[in-house]
There are 2 protein chains.
Amino acid sequence: MRNLDEATITQAVLARNSSTADARLCEVMTSLVQHLHAFARDIKLTEEEWRSGIYFLEQVGKACSSDRQEFVLLSHTLGLSTLVLAQNDRKPSGCTEATAFDVPQIHNATVYDLGADISAGLLGAKGYMHGTIRDAKGNPVPSATLQVSQAGGGLNTERALLQADQLGRYFFSTVVPQNHRVLHDGPVGMMLTALNRHAWRPAHLEFVISAPGYKRLVTQVFREGDPYLDSDAVFGVRSSLITHWAQQPPGETPDGTVSRDPFYTLDFDFLLAKA
Amino acid sequence: MRNLDEATITQAVLARNSSTADARLCEVMTSLVQHLHAFARDIKLTEEEWRSGIYFLEQVGKACSSDRQEFVLLSHTLGLSTLVLAQNDRKPSGCTEATAFDVPQIHNATVYDLGADISAGLLGAKGYMHGTIRDAKGNPVPSATLQVSQAGGGLNTERALLQADQLGRYFFSTVVPQNHRVLHDGPVGMMLTALNRHAWRPAHLEFVISAPGYKRLVTQVFREGDPYLDSDAVFGVRSSLITHWAQQPPGETPDGTVSRDPFYTLDFDFLLAKA
């Protein structure tokens with residue numbers, strides 16, 4: 001292992017990594033080194049570019065904090081998250097598709113009663129969403145927990161915790177979701193700018209739905225007609241999750257109040273897979 | 001670009017990245033996305049592994065500081081640095097090989113007179129190194145600047161600045177270099193442990209040599225017989241740079257002092273390429 005050059009370095013690294021007792025780690029690292037080296041060879045990576053890449057990765061790491069996952073955002077914007085999700089997301093037919101990885105339940109969600117207004121100060125047209133949590137056969141799942149996240153103008157993400165009733169029904173009001181940009185004041189935002197890409201996500205509500213005996217579902221419900229449905233900065237849109245917020249004339253709303261403005265309604269059922 | 005799946009996500013990302021005005025950036029990103037996705041497909045990267053990878057990269061980023069380049073160390077230990085250097089290092093035949101990227105001159109080097117002892121407190125057998133800085137044809141290059149770095153027990157890296165004389169000659173004394181480990185108390189060290197790899201580098205002195213009109217040379221002079229020459233943790237050894245520190249009996253040393261112990265001498269010329 002002296003005089004390593006372009007032709008021999010990859011095999012030398014693979015040989016060095018081959019003595020780990022963990023067979024899966026060895027497999028992962030073998031593939032990683034091969035693809036990393038193939039990338040550097042394909043483009044004949046220069047010293048200056050290597051430096052820029054190292055610096056970029058450092059900055060991505062430094063931008064990460066308990067509130068911000070810049071490496072996850074990088075993975076999203078490079079399509080890696082969607083790929084990993086697609087090749088692992090083996091839901092039974094008919095179940096609601098996941099658009100994001102399973103996540104630990106967050107701790108700073110505000111608990112609301114069913115039917116409450118969860119908009120928490122976000123501005124926009126009033127919307128009423130309701131539906132039923134069901135199993136794959138369409139039977140109601142009682143008392144599921146729903147965590148609803150919504151990004152508005154700004155990028156404040158409000159998180160609301162609701163519990164469906166014994167018949168699996170949930171309902172709440174909020175502002176109709178608006179399109180918004182991912183965090184773009186960091187290194188990933190600079191990358192998007194350099195690539196002449198926008199940072200917009202189509203309007204959606206995000207749901208984390210859990211019930212005993214069912215696989216937790218992390219998904220997003222998009223709004224029909226959004227101009228970014230075909231250019232989501234993080235490649236997350238699925239047709240089955242594009243929904244129509246129906247405009248209603250002024251008058252009585254689903255929660256019994258009277259609106260002097262038009263408002264919107266959406267009926268959407270979530271079908272959970274067994275755990 | 002809806003309903004992206006395993007089969008379609010890569011092309012979708014490439015299409016999105018294709019509108020940048022920077023042709024080279026587009027080429028680099030196209031290759032990067034293809035190889036990144038191919039890696040995830042080849043090993044069928046799982047959600048949990050994806051999370052571990054993201055976490056590892058975050059930790060590498062957080063370990064970086066002005067004193068520590070953990071991403072560079074990662075690149076070294078994965079053989080990427082050696083590959084990039086090999087495919088860009090086009091030195092004229094006969095010139096001393098580079099083993100590391102060109103680096104900015106450091107600012108905390110101590111200036112020494114020619115012939116000085118630069119060991120700065122490192123313990124070990126006394127060694128006297130001398131030689132001439134030459135051009136590719138073997139003609140002396142006058143007044144080159146040499147920055148010499150040496151890692152000893154511990155990992156204190158002493159940096160000494162010397163200037164060769166008008167005839168290109170340099171000489172100094174120090175302790176004969178010892179093998180030592182790269183920084184291994186961080187995420188890269190954990191990776192090496194998981195891969196059942198050691199963190200040792202063979203004994204060497206590192207030189208950054210510059211002279212007006214010549215390409216700056218960053219190289220390492222290794223010590224013959226070191227047990228890690230064939231398993232350098234960062235894949236940096238070249239046969240042309242393995243040198244013999246000759247043991248000398250007690251008596252007069254090259255700097256005119258008398259040693260009661262055996263000491264070592266090394267004669268090595270550096271041949272610089274034209275800038």
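Looking at an unreviewed UniProt entry, one finds chain A named 6-chlorohydroxyquinol-1,2-dioxygenase, with Pseudomonas gingeri as its source organism. Within the UniProt record for chain A, the comment given under Cofactor (unreviewed entry) is "Fe(3+)".

S.K.: What is the right way to look at the packing of aromatic side chains in this model?
M.R.: Residue and element names in this part refer to chain A. Across all of its chains, the model carries 15 aromatic pairs over all chains by this definition. Plain terms: the ring middles of Phe-207 and Phe-270 are 4.7 Å apart, the flat faces sit at 50 degrees to each other, and that makes the pair tilted. Here Phe-270 lies in strand E15 (residues 270-272) and Phe-207 lies in strand E8 (residues 204-210), a separation of 63 residues in the sequence. Assigned by exposure class, Phe-207 and Phe-270 land together as buried. An aromatic cluster is present here, built from Tyr-170, Phe-172, Phe-207, Phe-268 and Phe-270 joined pairwise through their rings. One residue, Arg-223, lies across the ring of Tyr-264, its end atom 5.5 Å from the ring centre.

S.K.: So what exactly am I meant to see when it comes to the domain arrangement of chain A here?
M.R.: Often, the extent of an interface is quoted as the loss of accessible area upon association of its parts. We note that the domain assignment places domain 1 (1-45) and domain 2 (94-181 + 196-272) within chain A. Of note, the centres of domain 1 of chain A and domain 2 of chain A, computed from C-alpha atoms alone, are 45 Å apart.

S.K.: Help me understand the pairing of strand E2 (residues 126-135) of chain A in this model?
M.R.: Consecutive side chains of a regular strand alternate in pointing toward one face of the sheet and then the other. Residues and elements named next belong to chain A. Among the ten residues of E2, seven are classified as buried, and the element is accordingly described as predominantly covered. The sheet contact formed by E2 and strand E5 (residues 169-175) spans seven bridges and is antiparallel. From the neighbouring strand, Thr-132 faces E5, where its bridge partner is Arg-169. Bridging between E2 and strand E14 (residues 263-267) involves four bridges; their strand directions are parallel. Directly across from Tyr-128, in E14, lies its bridge partner Thr-265.

S.K.: Is there a simple way to think about the pattern of salt bridges in this case?
M.R.: Opposite charge on two side chains permits them to pair, given that their charged atoms come into close proximity. Counted according to the given criterion, the structure contains 20 salt bridges over all chains. Across the pair A:Arg24 and A:Glu27 runs a salt bridge, and its minimum N-O distance is 3.1 Å. Separated by three residues within a single helix, A:Arg24 and A:Glu27 lie in helix H2 (residues 23-42), roughly one turn from each other. The class for A:Arg24 is partly exposed, based on a relative accessible area of 26%. The partly exposed category is assigned to A:Glu27, whose relative accessible area is 41%. Members of the salt-bridge network, linked through shared partners, are A:Arg24, A:Glu27 and B:Glu49.

Cut-offs used in this document
- Residues numbered from 1 in each chain as written.
- Chains lettered and ligands numbered in written order.
- Predicted model: local features only at pLDDT ≥ 70, side-chain atom pairs only at ≥ 80, totals over all residues.
- Heavy atoms only, no water.
- UniProt positions renumbered as here; feature names shortened; annotations may be inferred.
- Phe/Tyr/Trp six-rings, centres within 6.5 Å; stacked < 30°, edge-to-face > 60°.
- Helix = DSSP H or I, 4+ residues; strand = E, 2+ residues; numbered from the N terminus.
- Buried < 20%, exposed > 50% of the residue type's maximum accessible area, 1.4 Å probe, protein only.
- Lys NZ or Arg CZ within 6 Å of the ring centre and 35° of its normal.
- Domains from an automatic or database assignment.
- Pairing = 2+ DSSP bridges.
- Salt bridge = Lys/Arg side-chain N within 4 Å of Asp/Glu carboxyl O.

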